[in-house]
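Notes for the structure review
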Amino acid sequence: MEIFLSICIGIGLSAACGFRVFVPLFCLSIAAHFGHLNLSPAFAWMASFPAMIAFGVATVAEIAAYYIPWVDNLLDTIAVPMAAVAGIVVTASVITDIDPLWKWTLAVIAGGGVATTTQLATTKARVTSSATTGGLANPVLATIENVFSTVLSVVSVIWPIVALVLAILVLIASGLLIFLAARMLLKIFRRKPNTDDVVAANS
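Residues numbered from 1 in each chain as written. Predicted model: local features only at pLDDT ≥ 70, side-chain atom pairs only at ≥ 80, totals over all residues. Heavy atoms only, no water.

1. Side note on the pattern of salt bridges
According to the stated counting rule, one finds three salt bridges in the structure shown. The partner of E145 in a salt bridge is R20, and the shortest N-O contact between them spans 2.8 Å. Of the two residues, E145 is situated in helix 6 (residues 138-158) and R20 in the loop between helix 1 (2-17) and helix 2 (22-33); the sequence distance between them amounts to 125 residues. A salt bridge links R126 to E145; the shortest N-O distance between them is 2.7 Å. (Salt bridge = Lys/Arg side-chain N within 4 Å of Asp/Glu carboxyl O. Helix = DSSP H or I, 4+ residues; strand = E, 2+ residues; numbered from the N terminus.)

2. Notes on the environment of A44
Residue placement: A44 occurs in the loop between helix 2 and helix 3 (49-65). Sequence spacing of A44 and S29 is 15 residues, and the spatial spacing of their C-alpha atoms is 9.4 Å.

3. With respect to the environment of C17
Within the element layout of this structure, C17 appears in helix 1. In this structure, C17 is in contact with P24, A83, A86, G87, V90, A115 and Q119, ignoring residues within four places of it in sequence. (Contact = heavy atoms within 4.5 Å.)

4. Looking at the confidence of the model for the protein
The share of residues in the protein with pLDDT of 70 or more is 92%, and the mean pLDDT across the chain is 86. The least confident element of the protein, judged by mean pLDDT, is helix 8 (residues 195-202) at 48; the most confident is helix 2 at 96. When the criterion is pLDDT under 50, residues 195-201 qualifies, and its contacts beyond four places in sequence or with other chains add up to one contact. (pLDDT = per-residue confidence, 0-100.)

5. A short note on a nonpolar patch on the surface
Together, M1, F4, I161, V165, I168, L169 and I172 line one region of the surface with nonpolar side chains, adding up to about 710 Å² of accessible area. Counting residues per element, the nonpolar patch draws most heavily on helix 7 (residues 160-191), which supplies five residues. Here L169 lies in helix 7. (Patch = residues over 30% accessible without salt bridge, like charges linked within 9 Å, V, L, I, M, F, W, Y side chains within 5 Å. Areas by Shrake-Rupley, 256 points an atom, 1.4 Å probe, with all protein chains shown as cover.)

6. A word on the packing of aromatic side chains
The relative placement of two aromatic rings is captured by the distance of their centres and the angle of their planes. In this structure the tally under the stated criterion is three aromatic pairs. A ring pair is formed by F19 and F148, whose centres lie 5.4 Å apart and whose planes are at 75°; its orientation type is edge-to-face. Residue F19 is found in the loop between helix 1 and helix 2, and its partner F148 is found in helix 6; the two are separated by 129 residues along the sequence. Aromatic side chains W45 and F55 sit 6.3 Å apart centroid to centroid with 35° between the ring planes, which places their arrangement in the tilted category. Here F55 lies in helix 3 and W45 lies in the loop between helix 2 and helix 3, a separation of 10 residues in the sequence. Using a relative accessible area of 48% as the deciding quantity, one classes W45 as partly exposed. Sitting above the plane of the Y66 ring, R20 keeps its charged end 3.8 Å from the centroid. (Phe/Tyr/Trp six-rings, centres within 6.5 Å; stacked < 30°, edge-to-face > 60°. Buried < 20%, exposed > 50% of the residue type's maximum accessible area, 1.4 Å probe, protein only. Lys NZ or Arg CZ within 6 Å of the ring centre and 35° of its normal.)

Okay, here's the thing in structure tokens:
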């Protein structure tokens, strides 16, 4: 049961990494520092006070950066691999008393996979927002992502099974969002008039 709960925590935190990379790491560090979570020995450093401060500063910087026009889109270009790594780290850090092969397999497939899928959905949503609203709706989207990441991180630590359910719902919603965003962007690009057609019409 303990292993199952630790996997639930890892998957929940991984889903949160898809919204913000450092929020779940900061939450994990706080929980471990105050003894609410037991970390794998290799990741015990994450519970240290310096690590907690570093994650806190990184969290504030990341959240603030997503409210700066165009910087948010720039961050999205590197956020996918960063989210994948963060998802693997948080999952591996909370899974203890299990064979290393299974631990890292779960961390890469479940942790990295969930974080990547969620991050791809938020990236698609931001691209669509930038294309349709000129970026005016991006701060609203950033606020929603901040809330989702924070709530998922806290729930993962307190109610792991609930976090697993939420993570599954996030995955389903992410898949649907990626599909809808791709269709919308395709329609936008198809509506742009072809230069040759415009010249031909004018002549």
